[in-house]
Amino acid sequence: MADDPTSANLPVPQPGRMAGARPHLEVRAGPEKGRSFRVAPGVTVVGRDPTCDVVLTEEAISRQHCRIERSGDQWILRNLSSNGTRIKRKEVEEHVLSNGNEIRIGSKTRLIFVVEEVTRETEGQAQFRPRTGVAAAEPEDVEVEPETEEAEQPPSLFQRRKALFIGLAVYLMVMVVGGLVAALYLKGCGGRGMQGDTGIPRLSLDERIIQAGGFTPLAIDRTSTAGIWCIDARGEQVLVPHEDLRTGKARRVPGIRQAINVEYLTREEHERRVRAGEASESYPYVLRNPRSRMLADQFKRQAIEAYLVCNMPGNESRLFMAVRGFQQALAHYAMRFLPDPAEDKMRQDATKKLIDKVYDLYTQAILLESAGDYRRAAGTYEKVLAYVPEPENLISRNVSAHFSALRERVREEGRRNR
(Lines give C-alpha, C1' and ligand atoms only; values in the text may rest on other atoms or scores of the structure.)
Protein backbone atom coordinates (compact mmCIF):
# COMPACT_ATOMS: atom_id res chain seq x y z
CA MET A 1 0.00 0.00 0.00
CA ALA A 2 1.39 3.39 -0.97
CA ASP A 3 0.07 5.13 2.15
CA ASP A 4 1.53 2.61 4.60
CA PRO A 5 4.22 4.45 6.63
CA THR A 6 5.98 1.19 7.44
CA SER A 7 6.04 -0.34 4.00
CA ALA A 8 7.32 2.95 2.54
CA ASN A 9 10.78 2.22 3.98
CA LEU A 10 10.92 -1.46 3.01
CA PRO A 11 13.42 -2.30 0.28
CA VAL A 12 12.11 -4.29 -2.66
CA PRO A 13 13.29 -7.94 -2.35
CA GLN A 14 15.72 -8.90 -5.08
CA PRO A 15 15.31 -12.15 -7.06
CA GLY A 16 16.87 -15.09 -5.24
CA ARG A 17 16.55 -13.43 -1.82
CA MET A 18 14.17 -13.75 1.15
CA ALA A 19 13.45 -10.41 2.83
CA GLY A 20 12.00 -9.59 6.23
CA ALA A 21 12.46 -7.23 9.17
CA ARG A 22 13.90 -7.49 12.66
CA PRO A 23 12.76 -4.64 14.96
CA HIS A 24 14.32 -3.64 18.27
CA LEU A 25 14.25 -0.79 20.78
CA GLU A 26 17.39 1.24 21.50
CA VAL A 27 17.47 3.17 24.78
CA ARG A 28 18.88 6.64 24.08
CA ALA A 29 18.13 8.21 27.48
CA GLY A 30 17.22 6.97 30.95
CA PRO A 31 18.71 4.47 33.45
CA GLU A 32 19.08 1.78 30.73
CA LYS A 33 20.80 4.13 28.26
CA GLY A 34 22.89 2.18 25.75
CA ARG A 35 20.89 -1.05 25.98
CA SER A 36 18.96 -2.62 23.12
CA PHE A 37 15.85 -4.80 23.43
CA ARG A 38 14.47 -7.13 20.76
CA VAL A 39 10.82 -6.67 19.78
CA ALA A 40 9.03 -10.05 19.74
CA PRO A 41 7.16 -11.24 16.62
CA GLY A 42 3.84 -11.18 18.50
CA VAL A 43 3.40 -8.81 21.47
CA THR A 44 6.10 -6.96 23.43
CA VAL A 45 5.11 -5.36 26.76
CA VAL A 46 7.24 -2.47 28.07
CA GLY A 47 7.16 -1.48 31.73
CA ARG A 48 8.66 -1.62 35.22
CA ASP A 49 7.20 -5.01 36.19
CA PRO A 50 9.80 -7.84 36.08
CA THR A 51 7.36 -9.94 34.02
CA CYS A 52 7.43 -7.44 31.12
CA ASP A 53 9.35 -8.28 27.94
CA VAL A 54 11.23 -4.95 28.12
CA VAL A 55 11.95 -4.11 31.78
CA LEU A 56 12.83 -0.47 32.53
CA THR A 57 13.67 0.70 36.06
CA GLU A 58 12.69 4.38 36.01
CA GLU A 59 10.16 4.97 38.82
CA ALA A 60 7.94 7.23 36.66
CA ILE A 61 7.27 4.28 34.33
CA SER A 62 4.17 2.18 35.08
CA ARG A 63 4.32 -1.54 35.79
CA GLN A 64 2.91 -2.17 32.32
CA HIS A 65 3.38 1.09 30.43
CA CYS A 66 2.83 0.24 26.77
CA ARG A 67 2.86 -2.65 24.32
CA ILE A 68 4.05 -3.15 20.76
CA GLU A 69 2.24 -5.73 18.67
CA ARG A 70 2.62 -6.75 15.08
CA SER A 71 -0.32 -6.57 12.68
CA GLY A 72 0.61 -7.74 9.20
CA ASP A 73 3.54 -5.58 8.08
CA GLN A 74 2.94 -2.97 10.78
CA TRP A 75 4.06 -2.59 14.38
CA ILE A 76 1.43 -0.85 16.49
CA LEU A 77 2.22 0.92 19.78
CA ARG A 78 -0.62 0.93 22.35
CA ASN A 79 -0.52 2.96 25.56
CA LEU A 80 -1.40 1.05 28.77
CA SER A 81 -0.55 3.71 31.37
CA SER A 82 -2.32 6.72 32.81
CA ASN A 83 1.10 8.42 32.83
CA GLY A 84 0.99 8.55 29.03
CA THR A 85 3.21 7.49 26.13
CA ARG A 86 4.55 10.14 23.76
CA ILE A 87 5.59 10.14 20.12
CA LYS A 88 7.18 13.44 18.97
CA ARG A 89 6.25 14.90 22.39
CA LYS A 90 2.55 14.21 21.74
CA GLU A 91 0.67 11.72 23.89
CA VAL A 92 -0.79 8.84 21.90
CA GLU A 93 -3.10 5.95 22.75
CA GLU A 94 -2.35 4.04 19.55
CA HIS A 95 0.29 4.72 16.90
CA VAL A 96 1.64 2.84 13.87
CA LEU A 97 5.41 2.81 14.39
CA SER A 98 7.87 3.47 11.60
CA ASN A 99 11.62 3.11 11.55
CA GLY A 100 13.31 5.76 13.69
CA ASN A 101 10.28 6.75 15.79
CA GLU A 102 11.22 8.10 19.22
CA ILE A 103 9.07 6.77 22.10
CA ARG A 104 9.10 8.79 25.33
CA ILE A 105 7.89 7.17 28.55
CA GLY A 106 8.38 8.20 32.15
CA SER A 107 10.24 11.46 32.74
CA LYS A 108 13.65 10.55 31.30
CA THR A 109 13.46 7.40 29.19
CA ARG A 110 13.62 7.71 25.39
CA LEU A 111 13.41 4.64 23.14
CA ILE A 112 14.13 4.53 19.42
CA PHE A 113 12.19 2.00 17.34
CA VAL A 114 14.69 0.58 14.84
CA VAL A 115 13.89 -1.93 12.11
CA GLU A 116 16.71 -3.83 10.43
CA GLU A 117 16.33 -5.39 7.02
CA VAL A 118 16.87 -9.16 6.98
CA THR A 119 18.09 -10.58 3.68
CA ARG A 120 18.93 -14.23 3.11
CA GLU A 121 20.84 -15.40 0.08
CA THR A 122 19.44 -18.53 -1.51
CA GLU A 123 22.75 -20.33 -0.93
CA GLY A 124 24.22 -18.34 1.92
CA GLN A 125 23.64 -17.27 5.50
CA ALA A 126 21.34 -14.59 6.83
CA GLN A 127 22.61 -11.01 6.72
CA PHE A 128 21.24 -8.05 8.67
CA ARG A 129 21.57 -4.37 7.80
CA PRO A 130 19.65 -1.16 8.62
CA ARG A 131 16.66 -0.46 6.41
CA THR A 132 17.44 1.87 3.52
CA GLY A 133 16.50 5.53 3.66
CA VAL A 134 16.98 5.78 7.42
CA ALA A 135 20.64 5.40 8.26
CA ALA A 136 21.72 8.09 5.79
CA ALA A 137 19.44 10.81 7.14
CA GLU A 138 17.76 11.84 10.35
CA PRO A 139 14.25 10.27 10.53
CA GLU A 140 11.49 12.80 10.04
CA ASP A 141 9.54 11.80 13.13
CA VAL A 142 12.49 11.82 15.56
CA GLU A 143 12.91 15.10 17.39
CA VAL A 144 16.49 16.37 17.38
CA GLU A 145 17.55 17.42 20.85
CA PRO A 146 19.46 20.73 21.22
CA GLU A 147 23.18 20.25 20.91
CA THR A 148 25.16 20.19 24.15
CA GLU A 149 28.85 20.70 24.80
CA GLU A 150 29.54 16.99 24.39
CA ALA A 151 27.73 15.18 21.61
CA GLU A 152 26.02 11.94 22.58
CA GLN A 153 28.12 9.05 21.31
CA PRO A 154 26.62 5.71 20.32
CA PRO A 155 27.50 2.84 22.66
CA SER A 156 30.69 1.01 21.81
CA LEU A 157 30.97 -2.71 21.24
CA PHE A 158 32.47 -3.09 24.73
CA GLN A 159 29.55 -1.23 26.28
CA ARG A 160 27.05 -3.44 24.45
CA ARG A 161 28.76 -6.59 25.69
CA LYS A 162 29.04 -5.13 29.17
CA ALA A 163 25.28 -4.56 29.18
CA LEU A 164 24.80 -8.15 28.04
CA PHE A 165 26.88 -9.48 30.95
CA ILE A 166 25.03 -7.27 33.40
CA GLY A 167 21.74 -8.55 31.97
CA LEU A 168 22.87 -12.18 32.39
CA ALA A 169 23.97 -11.50 35.96
CA VAL A 170 20.61 -9.90 36.78
CA TYR A 171 18.80 -12.83 35.14
CA LEU A 172 20.74 -15.37 37.23
CA MET A 173 20.07 -13.34 40.39
CA VAL A 174 16.34 -13.24 39.61
CA MET A 175 16.33 -17.00 39.01
CA VAL A 176 18.04 -17.65 42.36
CA VAL A 177 15.73 -15.30 44.28
CA GLY A 178 12.72 -16.74 42.44
CA GLY A 179 13.77 -20.25 43.47
CA LEU A 180 14.06 -19.21 47.12
CA VAL A 181 10.66 -17.49 47.04
CA ALA A 182 9.10 -20.54 45.35
CA ALA A 183 10.59 -22.84 47.98
CA LEU A 184 9.25 -20.63 50.77
CA TYR A 185 5.86 -20.49 49.07
CA LEU A 186 5.65 -24.26 48.62
CA LYS A 187 6.60 -24.73 52.26
CA GLY A 188 3.76 -22.44 53.31
CA CYS A 189 1.41 -24.27 50.93
CA GLY A 190 2.23 -27.68 52.36
CA GLY A 191 3.48 -28.89 48.96
CA ARG A 192 0.18 -28.33 47.17
CA GLY A 193 1.56 -25.87 44.65
CA MET A 194 -0.19 -22.79 43.30
CA GLN A 195 -3.45 -23.19 45.19
CA GLY A 196 -2.03 -23.35 48.73
CA ASP A 197 -3.60 -25.07 51.72
CA THR A 198 -7.00 -23.48 51.11
CA GLY A 199 -7.26 -24.81 47.55
CA ILE A 200 -8.32 -21.35 46.36
CA PRO A 201 -6.69 -20.05 43.14
CA ARG A 202 -4.58 -16.94 43.44
CA LEU A 203 -5.44 -13.67 41.76
CA SER A 204 -2.89 -11.95 39.55
CA LEU A 205 -2.31 -8.42 38.29
CA ASP A 206 -3.33 -9.55 34.80
CA GLU A 207 -5.71 -12.35 33.92
CA ARG A 208 -3.85 -15.54 32.99
CA ILE A 209 -4.41 -19.19 32.18
CA ILE A 210 -2.35 -21.89 33.88
CA GLN A 211 -2.13 -25.19 31.99
CA ALA A 212 -1.75 -28.57 33.63
CA GLY A 213 1.73 -30.08 33.60
CA GLY A 214 3.64 -27.10 34.98
CA PHE A 215 3.53 -24.88 31.90
CA THR A 216 4.36 -21.18 32.19
CA PRO A 217 1.25 -19.05 32.88
CA LEU A 218 -0.18 -17.60 29.67
CA ALA A 219 -1.39 -13.99 29.49
CA ILE A 220 -4.92 -13.81 28.01
CA ASP A 221 -5.16 -11.82 24.78
CA ARG A 222 -8.68 -12.41 23.42
CA THR A 223 -11.54 -14.91 23.36
CA SER A 224 -12.89 -16.58 20.22
CA THR A 225 -15.30 -19.38 19.37
CA ALA A 226 -12.37 -21.81 19.10
CA GLY A 227 -11.02 -20.96 22.55
CA ILE A 228 -8.96 -18.36 24.37
CA TRP A 229 -5.90 -16.93 22.62
CA CYS A 230 -2.99 -16.30 24.98
CA ILE A 231 0.53 -14.88 24.75
CA ASP A 232 3.38 -17.09 26.01
CA ALA A 233 6.77 -16.00 27.39
CA ARG A 234 8.24 -15.78 23.87
CA GLY A 235 5.49 -13.44 22.68
CA GLU A 236 3.87 -16.13 20.53
CA GLN A 237 0.12 -16.78 20.49
CA VAL A 238 -1.23 -20.00 21.99
CA LEU A 239 -4.83 -21.24 21.67
CA VAL A 240 -6.37 -22.79 24.80
CA PRO A 241 -9.62 -24.58 23.84
CA HIS A 242 -12.72 -23.95 25.94
CA GLU A 243 -12.86 -27.71 26.52
CA ASP A 244 -9.56 -27.58 28.44
CA LEU A 245 -11.11 -25.15 30.91
CA ARG A 246 -14.15 -27.37 31.39
CA THR A 247 -12.13 -30.58 31.83
CA GLY A 248 -9.54 -29.05 34.15
CA LYS A 249 -6.57 -29.24 31.78
CA ALA A 250 -6.27 -25.47 32.12
CA ARG A 251 -7.21 -23.08 34.91
CA ARG A 252 -8.23 -19.45 34.44
CA VAL A 253 -6.74 -17.09 37.04
CA PRO A 254 -8.87 -13.94 37.46
CA GLY A 255 -6.96 -10.68 37.37
CA ILE A 256 -7.10 -7.66 39.67
CA ARG A 257 -6.99 -5.16 36.82
CA GLN A 258 -9.80 -6.93 34.93
CA ALA A 259 -11.97 -7.16 38.04
CA ILE A 260 -11.75 -3.40 38.60
CA ASN A 261 -11.98 -2.33 34.94
CA VAL A 262 -15.33 -4.04 34.24
CA GLU A 263 -16.91 -4.27 30.81
CA TYR A 264 -19.54 -1.82 29.56
CA LEU A 265 -22.52 -3.87 28.38
CA THR A 266 -25.99 -3.10 27.16
CA ARG A 267 -28.73 -4.87 29.10
CA GLU A 268 -29.54 -6.98 26.02
CA GLU A 269 -25.91 -8.10 25.66
CA HIS A 270 -25.65 -8.99 29.34
CA GLU A 271 -28.87 -11.04 29.21
CA ARG A 272 -27.59 -12.81 26.07
CA ARG A 273 -24.35 -13.75 27.83
CA VAL A 274 -26.24 -15.06 30.85
CA ARG A 275 -28.46 -17.22 28.62
CA ALA A 276 -25.41 -18.54 26.78
CA GLY A 277 -23.62 -19.34 30.04
CA GLU A 278 -20.85 -16.83 29.28
CA ALA A 279 -21.57 -14.59 32.30
CA SER A 280 -23.04 -14.86 35.76
CA GLU A 281 -26.31 -13.11 36.63
CA SER A 282 -24.60 -11.31 39.51
CA TYR A 283 -21.17 -10.75 37.95
CA PRO A 284 -20.16 -7.04 38.13
CA TYR A 285 -20.72 -5.09 34.95
CA VAL A 286 -21.67 -1.55 33.96
CA LEU A 287 -24.83 -1.04 31.94
CA ARG A 288 -24.34 1.21 28.94
CA ASN A 289 -27.12 3.75 28.41
CA PRO A 290 -25.76 6.47 26.07
CA ARG A 291 -29.16 8.18 25.82
CA SER A 292 -29.13 9.30 29.45
CA ARG A 293 -26.90 12.38 29.73
CA MET A 294 -28.59 13.31 33.01
CA LEU A 295 -27.55 10.00 34.63
CA ALA A 296 -24.02 10.42 33.30
CA ASP A 297 -23.71 13.84 34.95
CA GLN A 298 -25.13 12.46 38.18
CA PHE A 299 -22.64 9.54 38.31
CA LYS A 300 -19.79 11.93 37.52
CA ARG A 301 -20.70 14.29 40.38
CA GLN A 302 -20.91 11.39 42.83
CA ALA A 303 -17.54 10.06 41.63
CA ILE A 304 -15.81 13.44 42.01
CA GLU A 305 -17.22 13.82 45.53
CA ALA A 306 -15.97 10.35 46.50
CA TYR A 307 -12.57 11.04 44.92
CA LEU A 308 -12.08 14.25 46.93
CA VAL A 309 -12.63 12.49 50.29
CA CYS A 310 -11.10 9.06 49.54
CA ASN A 311 -7.71 10.01 51.04
CA MET A 312 -9.20 10.80 54.44
CA PRO A 313 -8.80 8.08 57.15
CA GLY A 314 -11.69 5.65 57.29
CA ASN A 315 -12.84 6.37 53.75
CA GLU A 316 -11.08 3.51 51.92
CA SER A 317 -14.27 2.37 50.24
CA ARG A 318 -14.72 5.84 48.73
CA LEU A 319 -11.87 5.15 46.31
CA PHE A 320 -13.79 2.18 44.89
CA MET A 321 -16.99 4.26 44.75
CA ALA A 322 -15.11 6.94 42.81
CA VAL A 323 -13.82 4.42 40.26
CA ARG A 324 -17.21 2.79 39.76
CA GLY A 325 -18.90 6.20 39.50
CA PHE A 326 -16.49 7.35 36.81
CA GLN A 327 -17.01 4.06 34.93
CA GLN A 328 -20.79 4.49 35.05
CA ALA A 329 -20.45 8.06 33.78
CA LEU A 330 -18.28 6.92 30.86
CA ALA A 331 -20.76 4.19 29.96
CA HIS A 332 -23.67 6.63 29.92
CA TYR A 333 -21.71 9.26 28.02
CA ALA A 334 -20.75 6.49 25.53
CA MET A 335 -17.23 7.92 25.55
CA ARG A 336 -13.76 6.55 26.25
CA PHE A 337 -12.64 9.65 28.16
CA LEU A 338 -14.59 12.22 30.15
CA PRO A 339 -15.24 15.48 28.26
CA ASP A 340 -13.37 17.58 30.86
CA PRO A 341 -9.60 16.69 30.86
CA ALA A 342 -9.24 17.63 34.55
CA GLU A 343 -12.10 15.31 35.54
CA ASP A 344 -10.75 12.53 33.34
CA LYS A 345 -7.37 12.94 35.08
CA MET A 346 -9.19 12.31 38.38
CA ARG A 347 -10.71 9.14 36.89
CA GLN A 348 -7.33 7.81 35.75
CA ASP A 349 -5.68 8.68 39.06
CA ALA A 350 -8.43 6.99 41.12
CA THR A 351 -8.25 3.83 39.00
CA LYS A 352 -4.46 3.62 39.24
CA LYS A 353 -4.49 4.18 43.02
CA LEU A 354 -7.12 1.49 43.55
CA ILE A 355 -5.33 -1.11 41.38
CA ASP A 356 -1.95 -0.39 43.00
CA LYS A 357 -3.37 -0.50 46.53
CA VAL A 358 -5.23 -3.79 46.00
CA TYR A 359 -2.24 -5.33 44.22
CA ASP A 360 0.20 -4.33 47.00
CA LEU A 361 -2.09 -5.51 49.83
CA TYR A 362 -2.87 -8.79 48.05
CA THR A 363 0.82 -9.47 47.40
CA GLN A 364 1.63 -8.72 51.05
CA ALA A 365 -1.11 -11.11 52.20
CA ILE A 366 0.20 -13.91 49.95
CA LEU A 367 3.74 -13.53 51.33
CA LEU A 368 2.47 -13.57 54.93
CA GLU A 369 0.33 -16.64 54.23
CA SER A 370 3.26 -18.39 52.51
CA ALA A 371 5.48 -17.66 55.53
CA GLY A 372 2.89 -19.19 57.87
CA ASP A 373 1.88 -15.92 59.54
CA TYR A 374 -1.82 -16.66 59.13
CA ARG A 375 -3.09 -14.07 61.64
CA ARG A 376 -1.43 -11.10 59.87
CA ALA A 377 -2.30 -12.56 56.46
CA ALA A 378 -5.98 -12.71 57.41
CA GLY A 379 -5.83 -9.11 58.62
CA THR A 380 -4.26 -7.99 55.33
CA TYR A 381 -6.91 -9.83 53.29
CA GLU A 382 -9.52 -8.03 55.38
CA LYS A 383 -7.96 -4.68 54.35
CA VAL A 384 -8.38 -5.67 50.70
CA LEU A 385 -12.10 -6.17 51.30
CA ALA A 386 -12.31 -2.58 52.61
CA TYR A 387 -11.00 -1.34 49.26
CA VAL A 388 -13.31 -3.57 47.17
CA PRO A 389 -16.71 -3.54 48.97
CA GLU A 390 -18.50 -5.22 46.05
CA PRO A 391 -19.57 -8.71 47.26
CA GLU A 392 -19.88 -10.28 43.79
CA ASN A 393 -16.60 -8.91 42.48
CA LEU A 394 -13.96 -11.54 41.63
CA ILE A 395 -11.53 -9.88 44.04
CA SER A 396 -14.02 -9.84 46.92
CA ARG A 397 -15.08 -13.46 46.40
CA ASN A 398 -11.50 -14.71 46.19
CA VAL A 399 -10.22 -12.66 49.12
CA SER A 400 -13.27 -13.54 51.26
CA ALA A 401 -12.59 -17.25 50.72
CA HIS A 402 -8.92 -16.83 51.71
CA PHE A 403 -9.86 -14.69 54.71
CA SER A 404 -12.41 -17.22 55.99
CA ALA A 405 -10.03 -20.17 55.52
CA LEU A 406 -7.15 -18.41 57.30
CA ARG A 407 -9.37 -17.21 60.15
CA GLU A 408 -10.41 -20.83 60.72
CA ARG A 409 -6.77 -21.91 60.74
CA VAL A 410 -5.99 -19.24 63.34
CA ARG A 411 -8.80 -20.62 65.54
CA GLU A 412 -7.48 -24.18 65.14
CA GLU A 413 -3.97 -23.12 66.10
CA GLY A 414 -5.36 -21.31 69.14
CA ARG A 415 -7.24 -24.46 70.24
CA ARG A 416 -4.13 -26.63 69.78
CA ASN A 417 -1.99 -24.25 71.84
CA ARG A 418 -4.34 -24.30 74.83
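Values in this document were obtained by computation on a predicted structure and should not be read as measured data. (Residues numbered from 1 in each chain as written. Predicted model: local features only at pLDDT ≥ 70, side-chain atom pairs only at ≥ 80, totals over all residues. Heavy atoms only, no water.)

Q: Explain the overall build of the protein residue by residue, including any values.
A: Along the protein, the regular secondary structure elements total nine helices and 19 strands. Burial statistics for the protein: of 418 residues in total, 38% are counted as buried. A sequence separation of at least 24 residues applies to 51% of the contacts in the protein between residues at least 6 apart. Working note: accessible area of the protein is about 24100 Å², and carbon and sulfur atoms make up 53% of it. (Helix = DSSP H or I, 4+ residues; strand = E, 2+ residues; numbered from the N terminus. Buried < 20%, exposed > 50% of the residue type's maximum accessible area, 1.4 Å probe, protein only. Contact = heavy atoms within 4.5 Å. Areas by Shrake-Rupley, 256 points an atom, 1.4 Å probe, with all protein chains shown as cover.)

Q: Hey, could you go over the pairing of strand β14 (residues 218-223) for me, with residue numbers and the actual values?
A: Pairing between strand β13 (residues 208-211) and β14: two bridges, direction antiparallel. Within β14, the position partnered with R208 by the bridge is A219. One ladder, built from four bridges, connects β14 with strand β15 (residues 227-231); its direction is antiparallel. Bridge pairing in β15 links A219 to I231. Remark: three residues form the turn of the hairpin made by β14 and β15, two consecutive strands paired antiparallel. (Pairing = 2+ DSSP bridges.)

Q: Explain the nonpolar core to me, using residue names and the numbers behind them.
A: Counting residues in hydrophobic clusters, the biggest one holds 40 residues, and the most contacted among them are L354, V358, Y381 and I395. Those elements that place two or more of their residues in this core are α3 (256-260), α5 (293-309), α6 (316-333), α7 (341-370), α8 (374-387) and α9 (394-416). In contact with I395, not counting residues within four places along its chain, are L203, I256, A259, I260, V358, V384 and V388. (Core = buried A, V, L, I, M, F, W, Y, C linked by side-chain atoms within 4.5 Å.)

Q: Residues and numbers for the sheet that holds strand β6 (residues 74-79), please.
A: Taken together, the five strands give an open sheet; going across it, the order is β4-β3-β5-β6-β9, and neighbouring strands pair in mixed fashion. Two strands bound the open sheet, and with one partner strand each, they are β4 (54-55) and β9 (94-97). Two elements, strand β5 (residues 66-71) and β6, share six bridges in a ladder whose sense is antiparallel. The residue of β6 that forms the bridge with R70 is W75.

Q: Describe the packing of α6 against α7, naming the residues involved and giving the relevant values.
A: The geometry of α6 relative to α7 is characterised by a closest axis approach of 9 Å and an angle of 130° between their N-to-C directions. As far as their axial angle goes, α7 and α6 are oblique. Seen along the crossing, α6 lies across α7 with a hand that is left-handed. Where α6 approaches α7, its residues L319, F320, V323, F326 and L330 are matched on the opposing element by E343, M346, R347, A350, T351, K353 and L354. Grouping the amino acids of the contact of α6 with α7 by side-chain chemistry returns eight nonpolar, one polar and three charged. (Axes fitted to C-alpha atoms, helices over the stretch in contact; angles between N-to-C directions. Parallel < 35°, antiparallel > 145°, perpendicular 65-115°, else oblique. Left-handed = near helix turned anticlockwise from the far one by under 90°. Nonpolar A, V, L, I, M, F, W, Y, C, P; charged D, E, K, R; others polar.)

Q: Please set out the confidence of the model for the protein residue by residue, giving values where relevant.
A: Summary statistics for the protein give a mean pLDDT of 75 and a share of 72% for residues scoring 70 or more. The spread of mean pLDDT over the elements of the protein runs between strand β12 (residues 126-130), the lowest at 45, and strand β10 (residues 102-105), the highest at 92. Across residues 1-19, confidence stays below pLDDT 50; counting only partners more than four residues off in sequence or on other chains, it has 29 contacts. Predicted confidence for residues 120-152 stays below pLDDT 50, and this span has 61 contacts to residues more than four positions away or in other chains. (pLDDT = per-residue confidence, 0-100.)

Q: Pulling in residues and values, what's your account of the environment of E59?
A: Tracing the chain through its elements places E59 in the loop between β4 and β5. On the accessibility criterion, E59 (76% relative accessible area) is exposed. Linking E59 and S107, residues 48 residues apart in sequence, is a C-alpha distance of 8.9 Å.

Q: Just give me the short version of the sheet that holds β14, but keep the residues and values in it.
A: Taken together, five strands build an open sheet; the order of strands is β16-β15-β14-β13-β17 and the sheet is antiparallel. The outermost strands of the open sheet, each flanked by one partner alone, are β16 (237-241) and β17 (250-253). Each strand axis lies, on average, 40° off the axis of its neighbour in the sheet, ignoring direction. Where β15 and β16 come together, five bridges link them in antiparallel fashion. Pairing of C230 across the sheet is with V238, part of β16.

Q: Could you give an account of the pattern of salt bridges, naming the residues involved and the relevant values?
A: It is possible for side chains of opposite charge to pair when their charged atoms get near one another. In total, this model carries 21 salt bridges according to the counting rule given. One salt bridge in this structure joins E390 and R324, with 2.9 Å as the shortest N-O distance. Placement of E390 in the loop between α8 and α9 and of R324 in helix α6 is noted, with a sequence separation of 66 residues between them. Several salt bridges share partner residues, and in doing so they unite R67, E69, R78, E94, D221 and R222 into one network. (Salt bridge = Lys/Arg side-chain N within 4 Å of Asp/Glu carboxyl O.)

Q: Let's hear about the packing of aromatic side chains: which residues, and what values?
A: Under the definition given, this model contains two aromatic pairs. On the basis of an interplanar angle of 55° and a centroid distance of 5.9 Å, the ring pair of W75 and F113 is categorised as tilted. Note that W75 is positioned in strand β6 and F113 in strand β11 (residues 109-121), a separation of 38 residues in sequence. Ring geometry for Y362 against Y381: centres 6.0 Å apart, planes inclined by 65°, an arrangement best described as edge-to-face. In this pair, Y362 is assigned in helix α7 and Y381 in helix α8, connecting sequence segments 19 residues apart. Above the ring of Y374, the side-chain terminus of R409 is found at 4.0 Å from the ring centroid. (Phe/Tyr/Trp six-rings, centres within 6.5 Å; stacked < 30°, edge-to-face > 60°. Lys NZ or Arg CZ within 6 Å of the ring centre and 35° of its normal.)

Q: Go over the packing of α8 against α9, please, and point to the residues and values.
A: Following both chains from N to C, one finds α8 and α9 inclined at 155°, their axes separated by 9 Å at the closest point. In terms of orientation, α8 and α9 fall into the roughly antiparallel class. You can see that α8 and α9 cross each other, and the crossing is left-handed. Across the interface between the two elements, Y374, R375, A377, A378, Y381, E382, V384 and L385 of α8 pack against I395, S396, V399, S400, H402, F403, L406, R409, V410 and E413 of α9. Considering only residue class, the contact of α8 with α9 consists of eleven nonpolar, three polar and four charged.

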